[in-house]
Amino acid sequence: MDLAPYLLLALLEGMVQASVLMLTALGLSLVFGVMRVVNVAHGQFFMLGAVGAWLCAQAIPGPPAIGFAVALIAAPLAVGAIAWAADRAILRRIGYDPEGTIVSTIGLLYILQQSALIGFGPDARAVDPPFSHTLRTPWFGYSSYKLFIVAVAIALVAALWLILRRTRLGLIMRATQFDRETAQNFGIRVDRVYSAVFAVGAMLAAAGGVLVVPNQQAHYLMGTDPLLLSFVVVIVGGLGSLPGTIAAAVLIGLSDGLLSVFFSPTLAAIASTLLVALVLIFRPQGLFGRAAA
Amino acid sequence: MRSANPRLLLLCAAVVAALFALQFVLSEYLVLTATRILILAIFAMGYNMLMGYTGMLSLGHAMFFAAGVYAAGLSSYYWGLSLPLAFVLGVGASFAVSLVTGLLVLRTQAVAFMIVTLMFAQVTYLTTLQFSDITGGDQGLTLPTGARGFTLMGIAVDLTRDSHRYNLALALFTATLAGLFALTQGRRGRLFAAVRENAGRTEMLGFNTFRIRLVAFVVSGTLSGMSGALYALMFGYIGSAFAGFELSIEALLFTLVGGPGTLLGPLLGTGVMTLLIDRLSGVTSAYLIVVGALLIAVNQWAPAGLLGTLRDRRLPWLK
């Protein structure tokens, strides 16, 4: 048996997996980094993005590309608005207490997930890809839409990077992350920064959901796996470190692609979850992070 | 011997007496519900030992419940172990699991502790799916009818009869209540609260806080496993749902609603929530939305829960 086609397929699948993971995990990492908040409902924002893409595809007639383009903008905005409201209505009122936040975001998880069950129904639903061009390799045909996912994800991450490093908004976010009280003394409205960061984090997850849905069907329970994988990535990359998160997303995505081609996905999930729990116990700063701040 | 907290002891005795009397009043269906509530209350009381008294919020207690479920259920299913033996094996297995996990996860605290317990529980859940040809996976296994009764010290117990199940559950609930009363009230009980309120100062006073945490963790995990073993053998079914995230959250919800750090809070929380969830799941398949809303509401407006609020306002001995 020739191994090359399998390896190529695993590599391609791993890249697609890694780029979606990069988006969701960056959202989680940003929220944790700036707000010191673990958002357990993060996977539901991913799911809402996917459901939003399906809604757009249903509502907008014409070629699937138009509906998709609208979804890529409208769904993250809508999800961002939900997250913004959740921050104001729930998280701010409990003062971002770490344990209370986790309990509350579990509550939010159930509310969003079950609302999707009521509104969207229990069935998985497919969305047509915006274009269906197939790329030829010597062994198999590969949908070029999947490579488009990779491109969009890289563009979004680059944009986030530029905003954080090069704009005033990014400076304010980083100042808040670095020292909340001093930032407040300098007149930064920390509460607004928090709401904005929570919304942006959710929007990144939602964008991941929109991108994934032509490739994988939308379903109200689809938020669980991305949440756990994002946890894995954020912890391995070092809590709150963006470069670490990106590196870890690529590493985990690729290895998950490889492992799932050759082993059972459940076994791969058991191994990676156990590994990460041990990382968190014995090396809490993550594999790429520096000592805890 | 003078009791550490005589008023609470009296209240506990009254509650147990009332629970015993309940079976002569309630309909057959409600006795069955009450049996489930008593068994799940043991789970919530175990959870409360860690979360309420010692201040460590775990998101993975389903793994201990599942350890009890599977050790008891599988040994009865495959080896035909008699029910008391299978039960003891279930309790022993959850003791071992909680000791080993405790030694690992107690190196972390607060948020990291929550995530690590969540991940260990997820590993347990995935393991029950991975080995589904043994465990039955999602579908689960139904214990054979031969394993639905036993004779212990001349008393024949038939687990297909409602009254037998109820009184057995009540006996174990009472034993748990008595054990936790002895552990949490009085001088030794204050050590757990001391770790919860200020671990650094407790250590300064010369106490080994790691050991106090470990004791709380193992007691908590073993009680959860005991509840799991009881649940599996009592109702003759084991399945992956007993290791799922939802069950860990239910223990948290029951404790939060009833009142963390109160001896009778978990019973009250389990009772209220089980009745509510049963009623709701008849109305809609999306009943978890109410669980979510309650988690947020209790956390925001009444973090002390029902009995905790009562304790803070009126009855300081209710702990």
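Below, the structure is looked at part by part. These numbers come from a predicted model, not from an experiment.

**Re the pairing of strand β3 (residues 155–158) of chain B**
Residues and elements named next belong to chain B.
Then, number 1: In this sheet, β3 lies alongside strand β2 (residues 149–152) in antiparallel orientation, the contact comprising 4 bridges. Counterpart to Leu152 in the pairing with β3 is Ile155.
Then, number 2: In sequence, β2 turns back onto β3 through a hairpin of 2 residues, with Met153 there showing a positive phi of about 50°.

**Focus on helix α2 (residues 28–53) of chain B**
All names here are of chain B.
Then, number 1: Between the first and last C-alpha of α2 there are 35 Å, a value that for 26 residues agrees with the 38 Å anticipated at 1.5 Å per step.
Then, number 2: Taken as a whole, α2 carries its principal kink of about 35° at Tyr47.
Then, number 3: Immediately beyond the C-terminal end of α2, within one or two residues, lies Gly55, with a positive phi of roughly 80°.

**What to know about the environment of Val193 of chain A**
Residue and element names in this part refer to chain A.
Then, number 1: As for its placement among the helices and strands, Val193 is situated in helix α8 (residues 190–212).
Then, number 2: For Val193, a relative accessible area of 9% puts it in the buried group.
Then, number 3: Taking C-alpha positions, Val193 is 8.8 Å from Val34, a pair spaced 159 residues apart along the chain.
Then, number 4: Among all residues touching Val193, those that are not within four sequence positions of it are Val34, Ile172, Met173, Thr176 and Ile188.

**Here we look at helix α12 (residues 265–283) of chain B**
Residue and element names in this part refer to chain B.
Then, number 1: Taking 1.5 Å per residue as the helical rise, α12 with its 19 residues ought to reach 27 Å, and the 27 Å between its terminal C-alpha atoms agrees with that figure.
Then, number 2: Within the sequence span of α12, burial applies to Gly265, Pro266, Leu267, Gly269, Thr270, Gly271, Met273, Thr274 and Ile277.
Then, number 3: For α12, the secondary structure elements touched by its buried residues are α1 (6–25), α2, α7 (162–184), α11 (245–258), α13 (288–301) and α14 (305–313).

**Here's the deal with the interface of chain B and chain A**
How big an interface is tends to be stated in terms of the accessible area lost upon association of its parts.
Then, number 1: Every contact between the two is made by 37 residues of chain B and, on the other side, 36 residues of chain A.
Then, number 2: Around 3300 Å² of area is buried between chain B and chain A when both sides are counted, 81% of it from carbon and sulfur atoms.
Then, number 3: On the surface where chain B and chain A come into contact, there are 0 salt bridges.
Then, number 4: Counting across the interface, chain B meets chain A through 4 residue pairs in polar contact (both at pLDDT 80 or more).
Then, number 5: Of all the secondary structure elements, the ones that give two or more residues to the side of chain B that touches chain A are α4 (83–105), α5 (110–130), α11 and α13 of chain B.
Then, number 6: Looking at which element gives the most residues to the side of chain B that touches chain A, the answer is α5 of chain B, with 14 residues.
Then, number 7: Its residues placed into classes, the side of chain B that touches chain A shows 27 nonpolar, 8 polar and 2 charged.

Rules used in this analysis
- Just so you know, the residues in each chain are numbered from 1, in the order the chain's sequence is written.
- Chain letters and ligand numbers both follow the written order, the letters beginning at A and the numbers at 1.
- Reporting in this predicted model follows two pLDDT cut-offs: at least 70 for local features of residues, and 80 or more for side-chain atom pairs to be given and counted; totals over whole chains, interfaces and linings ignore these cut-offs and use all residues.
- Excluding hydrogens and water, the side-chain figures rest on all heavy atoms present in the structure.
- The criterion for strand pairing is that DSSP finds at least two bridges linking the strands in question.
- Secondary structure elements are taken from DSSP: a helix is a run of H or I of four residues or more, a strand is a run of E of two residues or more, and numbering for both begins at the N terminus.
- Multiplying 1.5 Å by the helix residue count minus one yields the expected span of that helix.
- Two axes enter the bend calculation: one fitted to the seven residues ending at the residue in question, the other to the seven starting there, and the bend is the angle between them.
- Only protein chains enter the accessibility calculation, which uses a 1.4 Å probe; a residue whose area is less than 20% of its type maximum is buried, one above 50% is exposed, and one in between is partly exposed.
- We call two residues in contact whenever any of their non-hydrogen atoms come within 4.5 Å of each other.
- Accessible area that two parts lose when put together, evaluated with a 1.4 Å probe and summed over both, is termed the buried area.
- Put simply, a salt bridge is a Lys or Arg side-chain nitrogen that is within 4 Å of an Asp or Glu carboxyl oxygen.
- As used in this structure description, the phrase polar contact means that two N or O atoms lie within 3.5 Å; if the pair is within protein, one of them must be able to donate a hydrogen and the other to accept it, and residues adjacent in sequence are counted only when both atoms belong to side chains.
- Nonpolar residues are Ala, Val, Leu, Ile, Met, Phe, Trp, Tyr, Cys and Pro. Charged residues are Asp, Glu, Lys and Arg, and all others, Gly as well, are polar.

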